Amino acid sequence: MARVAFIVTTCHEFEGVKVLSSVLKAAGHQTDCFITSEESDFRGTVARWRPDVVGIYATTGQENWARPHVIEWRKELPHLKVVMGGPHPSFDYENLYDEEYVDAITKGEAEYAMLDLVEAWSASRSIAEIPNVGCLSDGIASMHPIRPSIQNLDTLPFPDVDLFYKYPFLRQKRVMQVHASRGCQNNCTYCTVPRMKREWVSGAPGETFNRTKSVDYLCDEMTDIRARYPQFRMVNFGDAALNMRRGWLEEFADKWPREVGLPFACNININYLDEEEILLLKRAGCASVQFGLESGNEDVRMRVYRKGYTDEMVYEIPRLLRKHKITFRTNNIMGSPAETLEDMFRTLEVNRQIKPQGCTVLLYRPFKSTELGLEDFDAARVEESRDIGP
């Protein structure tokens, strides 16, 4: 049995960490999660828990945040192993060369990669060739082959929400974070999804990238959570889009109000949304939705970002949402090299016209894990000496 400590810097419920923990616990290991902002003595608290393995969640720009802690922990815990997972190590293996810091990385979905890794380390076995795991081989960073992704999400144990709800800030919120699916229908160039679809699947016959939990499993998951945490009054679905699979919303609209009964907010993909599905969302208890407008210029949105949203959709879906009294928010990107200043003002104007109840505006950042980001690096549009931040 191993003790596995997950460490994160953001006070947020990470679905991946929750499921990794539940899989490890089901196999008899002990787990906990430590959030930097919620611990008065983060380094000391983790050290006193005496983990055998530390799991670091890292996005690009924050991949080295835990290094000073790990160096100190290794002094007190010489047996400690460190694995890094998340978006950054899934596409960039450079941290493996820092042997004082990282012993292994995981790529893509890591539930059973993490389990195999922890059990190999516990038994002092080699980790070479564990699928979805990367390590140094003869001084070279290498990634082992990808295993088939989990096609039936209902076979997984319920996410371990206790990891995060031990913290009052997260436990006392009125809104809980839940996921009903994995994947995304789109292939936006500013996102990692196109590369994920190529690199995170094994190519096994019948394997699909987009998968959805059954409605029955999802309702049972909610019943399990609410039995221990009845104070929550709303759900926020963190999926790329709740309308991931045709026909799923119909069953969801029938069972969710009866078996769960909580209002919810979610992301939607307006490429695949019509008035019938908006009515199903309303019947299920949807209070608010969010979608990515990204640019008010249709050419930038369609040709450069490959978002797939025509201007007709951008104006029609908000009209239908207002008709059925569902509030909505938009996500927007500013500062892409593909845009002119006029394009950015067009984004403001389109938002003004469709009248969302809220807007999220993010400054464009070029990441090598995205098609558009790679294009920017290849065209020498990026000053690589500058720290892009977390």
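Going along each chain's sequence as written, the residues are numbered from 1 onward. Under the rules for a predicted model, residues below a pLDDT of 70 receive no local features and side-chain atom pairs below 80 are neither given nor counted, while totals for whole chains, interfaces and linings still include all residues. Hydrogens and water molecules were not included; the side-chain quantities draw on all heavy atoms of the structure.

(A) The pattern of salt bridges, seen in detail. Each salt bridge in this description consists of a side-chain nitrogen of Lys or Arg and a carboxyl oxygen of Asp or Glu lying within 4 Å of one another. In the structure shown here, the tally under the stated rule is 37 salt bridges. The residue Glu111 makes a salt bridge to Arg182 at a minimum N-O spacing of 2.5 Å. Here Glu111 is found in helix 5 (residues 111-122), whereas its partner Arg182 is found in strand 9 (residues 181-182), with 71 residues between them in sequence. Only protein chains enter the area calculation, which uses a 1.4 Å probe; residues under 20% of their type maximum are buried, those over 50% are exposed, and those in between are partly exposed. Residue Glu111 is classed as buried on the basis of its relative accessible area of 5%. Residues Asp376 and Arg381 are paired through a salt bridge, measuring 2.5 Å at the closest nitrogen-oxygen approach. Relative accessible area serves as the criterion here: at 1%, Asp376 is assigned to the buried category. A single salt-bridge network, built from bridges that share partners, covers Glu13, Glu15, Lys18, Lys173, Lys213 and Glu221. Comment: elements are numbered from the N terminus, with helices defined as DSSP H or I runs of at least four residues and strands as E runs of at least two.

(B) Geometry of the packing of helix 13 (residues 311-323) against helix 14 (residues 341-354). To get an axis, fit a line to the C-alpha atoms, keeping to the stretch in contact for a helix; angles then go from 0 to 180 degrees between the N-to-C directions. Packing of helix 13 against helix 14 leaves a shortest axis separation of 10 Å and a crossing angle of 30 degrees. Looking at the two axes, helix 13 sits roughly parallel to helix 14. By crossing handedness, the relation of helix 13 to helix 14 is classed as right-handed. The residues of helix 14 that touch helix 13, namely those facing Val314, Tyr315, Pro318 and Arg322, are Arg346, Val350, Gln353 and Ile354. Each residue gets one of three labels, nonpolar for Ala, Val, Leu, Ile, Met, Phe, Trp, Tyr, Cys and Pro, charged for Asp, Glu, Lys and Arg, and polar for the others, Gly among them. Its residues assigned to classes, the contact of helix 13 with helix 14 comprises five nonpolar, one polar and two charged. These descriptions rest on fixed angle ranges, namely under 35 degrees for roughly parallel, over 145 for roughly antiparallel, 65 to 115 for roughly perpendicular, and the rest for oblique. Crossings are sorted by hand: turned counterclockwise from the far helix by less than a right angle, the near helix makes the crossing left-handed, and turned clockwise it makes it right-handed. Contact definition: two residues touch when any of their heavy atoms are within 4.5 Å.

(C) Highlighting the state of the cysteines. Here, a disulfide means two cysteine sulfur atoms that sit within 2.5 Å of each other. Scanning the model with the defined rule gives zero disulfides in all. Just so you know, Cys191 is unpaired, no disulfide at all, and the nearest cysteine sulfur is the one on Cys188, 6.3 Å from it. Taking relative accessible area as the criterion, Cys191 reaches 27% and is therefore assigned partly exposed. Cys219 takes part in no disulfide bond, and the closest cysteine sulfur to it belongs to Cys266, at a distance of 15 Å.

(D) Main features of the side chain of Asp239. Residue placement: Asp239 occurs in the loop between strand 11 (234-237) and helix 10 (248-259). As used throughout, the charge tally considers Lys and Arg to be positive and Asp and Glu to be negative, leaving His and the chain termini uncounted. Within the buried core, Asp239 has no salt-bridge partner, and the shortest N-O distance to an opposite charge, that of Lys213, equals 7.0 Å. The contact partners of Asp239, leaving out residues within four places of it in the chain, are Val178, His179, Ala180, Ser181 and Asn267.

(E) Seen up close, unusual backbone geometry. Unusually for a residue other than glycine, Glu129 sits at a positive phi of about 80 degrees. For Glu129, a relative accessible area of 67% corresponds to the exposed category. Phi at Arg306 is positive, roughly 55 degrees, even though this residue is not glycine. In this structure, Arg306 sits in the loop between helix 12 (298-304) and helix 13. With relative accessibility at 46%, the residue Arg306 sits in the partly exposed group.

(F) How the structure looks around helix 15 (residues 371-378). Along helix 15, the residues classified as buried are Leu372, Gly373 and Asp376. When helix 15 is viewed along its axis, its buried side chains cluster within an angular range of 100 degrees and face the same direction. Looking at the packing, one finds that the buried side of helix 15 touches helix 12. It is the directions from the helix axis to the C-beta atoms that the arc portrays.

(G) Expanded view of the sheet that holds strand 12 (residues 264-267). Strand order in the open sheet made by the six strands is 8-11-12-13-14-15, with parallel pairing throughout. Two strands in the sheet have a free side with no partner beyond their single neighbour: strand 8 (175-178) and strand 15 (358-363). Pairs of neighbouring strands in the sheet enclose a mean axial angle of 20 degrees, with direction left out of account. Two strands qualify as a pair provided DSSP detects at least 2 bridges between them. As paired elements, strand 14 (residues 327-334) and strand 15 share six bridges and run parallel to each other. Looking at strand 15, one finds that Met334 is bridged to Leu363. In this fold helix 14 packs onto strand 13 (286-294), strand 14 and strand 15, with an angle of close to 175 degrees to the strand it touches most, strand 14.

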